[in-house]
Amino acid sequence: MSSSADGIKNICVVGAGQMGIGIGLVAARVAKLNVQFIDSSPAQLSKGLEFLDKLLVKDIAKGKYTEEVRSEVKARITTASSISQMATADFVIEAISENAELKRKVFGELSATLPQETILATNTSSISITKIASAASRPENVIGMHFMNPVPVMKLVEVIPGLQTSNQTLETTLALAQKMGKTTTMSQDVPGFIANRLLMPYINEAIIALGEGIATKEDIDTTMKLGTNNPMGPLTLADFIGLDTCLAIMKVLHNELGDSKYRPAVLLQKYVDAGWLGVKSGRGIYEYPSKK
């Protein structure tokens, strides 16, 4: 297994949600790799491919790409509904929901299906890479590759080696991220890594402030946008990320670090219990009628 990304021609993305589709799109369009999406839900695969095509059409309208590029990208993409049906891949990126046991199950299946030298990356935003890697037959080939949302726009990828990750796996992953046009940072394998260790408590505190009636949601967001020059307020950002994702990450931080400062906001739990997950569900802290 070379430490260069030159030997990587075929990648597999497990999970055809917004993150997975974004990762696959960048891999196919920027790195010009063959991409196979794996998702157990045929409806999600169909929805994901439709979303991918909408992104391509939008970029054509902006003059960023041509119709020819759109056709080339789509020709590089295939799908399958289970890991057992997947084609041989040089590199796999898992992008399913933030659930440690579900991820461990997937990594066990991947290990049993793919050649031993295949690198298995997880797009987890908070869960221990070391824990996920322990479910694989060759944990030295497992690494964290945390893309930012939306993947086609955001330039950063956090790379997180687990305790078992080999230098060769790390070097190949860094090279692949660069081939995909991304800038990388590297974090120790600690809950939340860099981005979410800093971002999620900020979002959580904004939701606590809302719950305590300190200010309206609009005033909280406006204060942080205009007062600290952020492009988006914390509550709008939470809706965009998904309140269920924010809650899952805060629970990881709270459970793993044991510090009360990471306790999830009561209001955040209530919104998730109500099914108000943000933009994707049509309602979160704000309402999005066109998404319903």
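Draft legend 1. Looking closely at the overall build of the protein. The secondary structure content of the protein amounts to eleven helices and eight strands. Computed over its C-alpha atoms, the radius of gyration of the protein comes to 19 Å, within 12% of the 19 Å expected for a compact globule of 292 residues. For the protein, the proportion of its 292 residues judged to be buried stands at 45%. When contacts within the protein are restricted to residue pairs at least 6 apart in sequence, long-range pairs at least 24 apart make up 68% of them. Counting every atom, the protein has about 13700 Å² of accessible surface; 53% of that belongs to carbon and sulfur. Charged side chains of the protein number 30 positive and 29 negative; the gap between the two group centres comes to 4 Å.

Draft legend 2. Highlighting the pairing of strand β2 (residues 34-38). The element β2 is largely enclosed, with a buried count of four among its five residues. Looking at chain direction, strand β1 (residues 10-14) and β2 are connected through five bridges and run parallel. Within β2, the residue paired with Val 14 across the bridge is Ile 38. For the crossover that starts at β1, traverses helix α1 (residues 18-29) and ends in the parallel β2, the hand is right-handed.

Draft legend 3. Quick peek at the nonpolar core. With 37 residues, the main nonpolar core has Ile 11, Phe 91, Met 145 and Phe 147 as its most contacted residues. In terms of residues, this core owes the most to one element, α1, which gives seven residues. Listed in part, the 25 residues of the second largest apolar core include Ile 207, Ala 209, Leu 243 and Ile 285.

Draft legend 4. Examining the packing of aromatic side chains more closely. As enumerated under the stated definition, the model contains one aromatic pair in all. Look at Tyr 271 and Trp 276: their rings are 5.7 Å apart centre to centre, the planes differ by 40 degrees, and that puts the pair in the tilted class. Residue classification places Tyr 271 among the buried residues on the basis of a relative accessible area of 14%. Owing to a relative accessible area of 30%, Trp 276 belongs among the partly exposed residues under this scheme. One cation-aromatic arrangement involves Lys 217 over Tyr 286; the distance from NZ or CZ to the ring centre is 5.6 Å. The aromatic ring of Trp 276 is capped on one face by Arg 283, whose charged end is 3.6 Å from the ring centroid.

Draft legend 5. Spotlight on the packing of helix α9 (residues 234-241) against helix α10 (residues 243-257). It is at 5 Å that the axes of α9 and α10 come closest, and there the two elements cross at 95 degrees. Considering the angle they form, α9 stands roughly perpendicular to α10. On the side of α9, the interface is formed by Ala 238, Asp 239 and Ile 241, while α10 contributes Leu 243, Thr 245 and Cys 246.

Draft legend 6. Representation of the environment of Ala 238 within the structure. Its location among the elements puts Ala 238 in helix α9. Taking the relative accessible area as the measure of exposure, Ala 238 reaches 0% and is therefore buried. Each C-alpha atom of the pair Ala 238 and Lys 62 lies 27 Å from the other, and the pair is 176 residues apart in sequence. Beyond its immediate sequence surroundings of up to four residues, Ala 238 is in contact with Ile 203, Leu 243, Cys 246 and Ile 285.

Draft legend 7. Structural context of the pattern of salt bridges. Tallied over the full model, the rule gives 13 salt bridges. A salt bridge links Asp 53 to Lys 74; the nearest nitrogen and oxygen atoms lie 3.3 Å apart. Taken together, the positions of Asp 53 in helix α2 (residues 42-61) and Lys 74 in helix α3 (residues 67-75) put the pair 21 residues apart, joining distant regions of the chain. With a shortest N-O distance of 3.5 Å, Lys 103 and Glu 98 are connected by a salt bridge. Where salt bridges share partners, they join Asp 53, Glu 67, Arg 70 and Lys 74 into one cluster.

Conventions used here
Residues numbered from 1 in each chain as written. Predicted model: local features only at pLDDT ≥ 70, side-chain atom pairs only at ≥ 80, totals over all residues. Heavy atoms only, no water. Helix = DSSP H or I, 4+ residues; strand = E, 2+ residues; numbered from the N terminus. Rg over C-alpha atoms; globule rule 2.2 N^0.38 Å. Buried < 20%, exposed > 50% of the residue type's maximum accessible area, 1.4 Å probe, protein only. Contact = heavy atoms within 4.5 Å. Areas by Shrake-Rupley, 256 points an atom, 1.4 Å probe, with all protein chains shown as cover. Lys, Arg positive; Asp, Glu negative; His and termini not counted. Charge placed at Lys NZ, Arg CZ, Asp CG, Glu CD. Pairing = 2+ DSSP bridges. Right-handed = clockwise from strand over helix to strand, strands pointing away. Core = buried A, V, L, I, M, F, W, Y, C linked by side-chain atoms within 4.5 Å. Phe/Tyr/Trp six-rings, centres within 6.5 Å; stacked < 30°, edge-to-face > 60°. Lys NZ or Arg CZ within 6 Å of the ring centre and 35° of its normal. Axes fitted to C-alpha atoms, helices over the stretch in contact; angles between N-to-C directions. Parallel < 35°, antiparallel > 145°, perpendicular 65-115°, else oblique. Salt bridge = Lys/Arg side-chain N within 4 Å of Asp/Glu carboxyl O.

By themselves, these figures tell us nothing about what the structure is for.
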